[in-house]
Amino acid sequence: MTVEVPAGMDAAPFDEARRVSIPAGWTMAVWARVPKARFARWAPDGALLVSVPSTGEILKLDGSRSTPLLEGLTQPHGMAFAGSTLYVAESDEISAYDYVDGRAGNRRTVAAGLPDAESPDLRGAYAHALKSVAVGPDGAVYFSIGSTGNISAEDRDATPPRATIMRVPPGGGPAEPFATGVRNGTGLAVAPDGSVWTAVNGRDNVADPATGEVDPAYVNDHPPEQLAKLTPGRELGWPYCNIDGGPADVPFIRDVQTNADGDKLDCAALPPVEQSFGAHSAPLGLSFVDGELPEPYARGALVGIHGSWNRRPPRAPEVSFYPWSDGGLGDQQTLVGGFQDEDGSRWGRPVDAVAGPDGAVYITDDDAGAVYRLAPPGR
């Protein structure tokens, strides 16, 4: 199917026809052009909010028209609503606002002093400074703190700890680790049953356990990325353990580079991870649908797959769907593909996908600078 491009939105990469693979009978159109668009969330009044970390803005979209809702922020990324309260994850703090009459005001700080490239002890060295936020049904606030690097084990002992999912209790208070060993849990969302899930960007250049060598053929498919259900104190292994196998109920194995003797962490004792992505998929946005879309996509998880940055051949970007059943997620399905050509070149890279009040899916793409509307038949 060719992506529909309204008049005036045909700047590159839509200066030529772009084809996508979507479910039969569905349509996909460019809905807005937003350079470097990242995460998206629907406001109670039906506006779509889009974060732009590179400009420090949260934009409010009404079709092709966008206006700043918040400006002058520090790399705003994840957003979440709890009623009329908007939570925003900046790189250095989590803030809350009252969203009233289409405006965000009465800012207050939920968690401050979070590490980013401006932290004096890090001296600008921070690979995963962007953060995400979600709010549980009890009002607890969860947010991600990514690792500073690929295998920077010192993150686990930092203050506050990095490579974690943190939790602020209902009503406020100090943030405490909820899950550890989470290299970069960019995807963070609450499922229909109230459980918290994270989509994790795994490590690069892992050695083959059989040889101890970094072999590109092994690295291409190892380790798989994690899609994990979080419980208090859950350990996801990084940088001492990696999942291996899959796609579902994936066990951990020892990382022979960082945990050669197995004395850093007992990987075999860790519960298997519920679901996975192909290695180097780079899952970013995570959201759940619960009746907004028609079958067979009525209940499940939507994930923006950014695609690999250094795999050869590249792992293709896509929007994935994981069906929800009995408190768990089934295997990965491609909802939208076609962003990568056969030669590995790309014209787009999805970041986030969220169901709208109109029964369509809205997808941000920071590479193409676009927001797409993916619509089932009749919507």
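The rules behind the values
Residues numbered from 1 in each chain as written. Predicted model: local features only at pLDDT ≥ 70, side-chain atom pairs only at ≥ 80, totals over all residues. Heavy atoms only, no water. Disulfide = S-S within 2.5 Å. Helix = DSSP H or I, 4+ residues; strand = E, 2+ residues; numbered from the N terminus. Buried < 20%, exposed > 50% of the residue type's maximum accessible area, 1.4 Å probe, protein only. Pairing = 2+ DSSP bridges. Phe/Tyr/Trp six-rings, centres within 6.5 Å; stacked < 30°, edge-to-face > 60°. Polar contact = N/O pair within 3.5 Å; in protein donor to acceptor, adjacent residues only side chain to side chain. Contact = heavy atoms within 4.5 Å.

Looking at an unreviewed UniProt entry, one finds the protein chain named Gluconolaconase and attributed to Mycolicibacterium monacense.

What follows is about the state of the cysteines. Applying the stated criterion across every chain, the model contains one disulfide. Note on cysteine connectivity: Cys241 is disulfide-linked to Cys267, with sulfurs 2.0 Å apart. Disulfide Cys241-Cys267: the torsion about the S-S bond is -80°, which places it as left-handed. With Cys241 in strand β18 (residues 241–243) and Cys267 in the loop between β19 (252–254) and β20 (275–277), the pair connects residues that are 26 residues apart, well separated along the chain. Residue Cys267 is classed as buried on the basis of its relative accessible area, which comes to 5%.

Across four bridges, strand β12 (residues 164–168) lies against strand β13 (residues 176–180) in antiparallel orientation. Opposite Met166, over in β13, you have Pro177 as the bridge partner. As paired elements, β13 and strand β17 (residues 234–235) share two bridges and run parallel to each other. Residue pairing across strands places Thr180 opposite Glu235, the latter belonging to β17.

We now examine the packing of aromatic side chains. Across all of its chains, the model carries 15 aromatic pairs by this definition. Each ring, one from Phe81 and one from Tyr99, has its centre 5.5 Å from the other, and the planes form 85°; the classification is edge-to-face. Within this pair, whereas Phe81 is found in strand β6 (residues 79–82), its partner Tyr99 is found in strand β8 (residues 94–100), the two being separated by 18 residues in sequence. Between the aromatic rings of Tyr297 and Phe321, the centroid separation amounts to 5.1 Å while the plane-to-plane angle is 80°, which identifies the pairing as edge-to-face. Of this pair, Tyr297 sits in the loop between β21 (283–290) and β22 (299–305) while Phe321 sits in strand β23 (residues 318–325), and the two are 24 residues apart along the sequence. A single burial state applies to Tyr297 and to Phe321, both of which are buried. An aromatic cluster is present here, built from Phe14, Phe339, Trp347 and Tyr372 joined pairwise through their rings.

On to the side chain of Ser287. With respect to the helices and strands, the residue Ser287 is situated in strand β21. What makes Ser287 buried here is its relative accessible area of 8%. A polar atom in the side chain of Ser287 sits 2.6 Å from the backbone oxygen of Ala353. Excluding residues within four positions of it along the chain, Ser287 makes contact with Ala189, Gly300, Ala301, Leu302, Ala353 and Val354.

Turning next to the pairing of β22. As a general feature of sheets, a regular strand has side chains that alternate between the two faces. For β22, the tally of buried residues reaches six of seven residues, placing the bulk of the element in the interior. Taken together, the six bridges between β21 and β22 define a ladder with antiparallel strand orientation. For Ser287, the partnering residue across the bridge sits in β22 and is Leu302. The sheet contact formed by β22 and β23 spans six bridges and is antiparallel. Following the sheet pairing, Ala301 is matched in β23 by Tyr322.

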